[in-house]
Amino acid sequence: MRVLGFGDNIVDRFGDRGIDYPGGNSVNVAVYARRLGAEAAYLGVFGNDDLGRFLRESIAAEGVAVERSVVRAGESGVSHLRVDDGDRVFLGWNGGGVTVREPLVLDDDLLSYVRGFDLVHSSVYSRSEPELPKLAALGTLVSFDLSSEEDYRDAGYLDRVCPHADLVLLSCSHLDEEATAGLLAEAVRRGARLALGTRGVHGALAHDGRVTLSAPARLAEDIVDTMGCGDAFLTGFAVSLLRDGWAAGSPAGPAMIERALRQGAEAARDQCFVEGAFGHGRRAPVTSM
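The following paragraphs examine the structure supplied in this document. (Residues numbered from 1 in each chain as written. Predicted model: local features only at pLDDT ≥ 70, side-chain atom pairs only at ≥ 80, totals over all residues. Heavy atoms only, no water.)

1. Remarks on the side chain of D145
- Counting through the fold element by element, D145 comes out in strand 9 (residues 141–145).
- Despite its burial, D145 pairs with no opposite charge, the nearest such side chain being R153 at 7.2 Å.
- Sequence-distant contacts of D145, that is, excluding residues within four places in its chain, are made with N25, H121, S122, S123, V124, L169 and D231. (Helix = DSSP H or I, 4+ residues; strand = E, 2+ residues; numbered from the N terminus. Buried < 20%, exposed > 50% of the residue type's maximum accessible area, 1.4 Å probe, protein only. Lys, Arg positive; Asp, Glu negative; His and termini not counted. Salt bridge = Lys/Arg side-chain N within 4 Å of Asp/Glu carboxyl O. Contact = heavy atoms within 4.5 Å.)

Structural data, given as structure tokens:
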């Protein structure tokens, strides 16, 4: 079972703690998959600054292969946050740095490498949309995080992504169950084979065009912060499906999806006790934000 995170990496800078943590949606999924027993790799662009080295070393320390990633001249992405009562609050970012400004283009050599993975995951923060048709053509499974912003919910954007995705994740903590189910159905109508909607403490739903299934959240007390919980849910969900035989041309059945929802909830709960996305924090420089 091999999982590849393709796209974004970023430093999460917690101003209230004065600590930098490695992260990024695509990175997190690769790290969490490795922690769940999969072989994992990350493919993307690192800045050639100190933060870029920090990111590479932290990801590699988790047993995630980074050798096919590239280093480009430019700054790393930095996201500024704080934690209020266990919930992360985003204060701003620098646009993702060179990782987003000059994303990887998949040539024949990289496509040959990617073909060896069972699942490739990317996100709205990766600027990987032009590469999705190439990934889908390989016959490997493709998952994509559609986040929570309305910019990524309109028909035009969904039509760019969903026809090439076997699984899409939508963060729906601000929506009720009916609205979440409607959004998942829309993603599937526009081409996604399976859509997952996470709703924080209200649980999660999954829809495959035939049935909509739900599962409650696994609630936790004395949480450290919620950074990475959605990514952890997605990874637990996807890894469970892969273990049950999910593959291109072999869709997940209702029993598989129900198990995956439970495993996703368990992974998200466990993530609540982790500092940052996956630890490896270090002292942050003093900044004005």
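2. Considerations on the sheet that holds strand 5 (residues 70–72)
- The nine strands lie next to each other as 5-4-1-8-9-10-11-12-13, forming an open sheet whose pairing is mixed. Looking at strand neighbours, the two that pair on one side only are strand 5 and strand 13 (212–215), the edges of this open sheet. Averaged over all adjacent pairs, the angle separating strand axes in this sheet is 20°, with direction ignored.
- In terms of strand pairing, strand 10 (residues 167–171) meets strand 11 (residues 195–198) through four bridges, oriented parallel. Looking at strand 11, one finds that L169 is bridged to L196.
- Helix 1 (residues 25–35) contacts strand 1 (2–7), strand 4 (39–47), strand 8 (119–123) and strand 9 of the sheet and is inclined by roughly 145° relative to strand 8.
- Of the strands in this sheet, strand 10, strand 11 and strand 12 (204–207) touch helix 7 (residues 177–189), which is tilted by about 30° from strand 12. (Pairing = 2+ DSSP bridges. Axes fitted to C-alpha atoms, helices over the stretch in contact; angles between N-to-C directions.)

3. Here's the deal with the packing of helix 1 against helix 8 (residues 229–243)
- In contact at an axis separation of 9 Å, helix 1 and helix 8 are set at 50° when each is read in the N-to-C sense. Relative to helix 8, helix 1 is oriented oblique. As for the relative orientation of helix 1 and helix 8, their crossing is right-handed in sense. Mapping the contact onto sequence places N25, N28, V29, Y32 and A33 in helix 1 and D231, A232, L234, T235 and V239 in helix 8.
- Tallied by class, residues from the contact of helix 1 with helix 8 come to six nonpolar, three polar and one charged. (Parallel < 35°, antiparallel > 145°, perpendicular 65-115°, else oblique. Left-handed = near helix turned anticlockwise from the far one by under 90°. Nonpolar A, V, L, I, M, F, W, Y, C, P; charged D, E, K, R; others polar.)

4. A short note on the nonpolar core
- The biggest cluster of nonpolar side chains holds 37 residues, and the ones touching the most others in it are V114, L135, L146, V168 and L170.
- The set of elements that each furnish at least two residues to this core consists of strand 1, strand 4, helix 4 (108–114), helix 5 (132–138), strand 9, helix 6 (155–161), strand 10 and helix 7. (Core = buried A, V, L, I, M, F, W, Y, C linked by side-chain atoms within 4.5 Å.)

5. Some words on the sheet that holds strand 6 (residues 78–84)
- Taking strand neighbours across the sheet as the criterion, the five strands line up as 7-6-2-3-14 in an open arrangement whose pairing is mixed. Either end of the sheet is taken by a strand with one partner, and the two such strands are strand 7 (87–93) and strand 14 (282–283).
- One ladder, built from two bridges, connects strand 3 (residues 19–23) with strand 14; its direction is antiparallel. Bridge assignment links D20 to a residue of strand 14, and that residue is R282.

6. Considering the environment of D151
- Here D151 shows up in the loop between strand 9 and helix 6.
- Taking relative accessible area as the criterion, D151 reaches 59% and is therefore assigned exposed.
- Residues D151 and V124 lie 27 residues apart in sequence; the distance between their C-alpha atoms is 9.9 Å.

7. Remarks on the packing of aromatic side chains
- Enumeration over the complete set of coordinates arrives at four aromatic pairs.
- The ring centre of Y113 lies 5.0 Å from the NZ or CZ of R68, which sits over that ring.
- One residue, R282, lies across the ring of F54, its end atom 4.4 Å from the ring centre. (Phe/Tyr/Trp six-rings, centres within 6.5 Å; stacked < 30°, edge-to-face > 60°. Lys NZ or Arg CZ within 6 Å of the ring centre and 35° of its normal.)

8. Regarding unusual backbone geometry
- For R127, which is not glycine, the phi torsion reads 55° and is therefore positive.
- A residue is classified by how much of its surface remains accessible, and R127, at 40% relative accessible area, is partly exposed.
- A positive phi angle is found at H280, which is not glycine, with a value near 60°.
- Within the element layout of this structure, H280 appears in the loop between helix 9 (254–271) and strand 14.
- By relative accessible area, H280 is classed as partly exposed at 31%.

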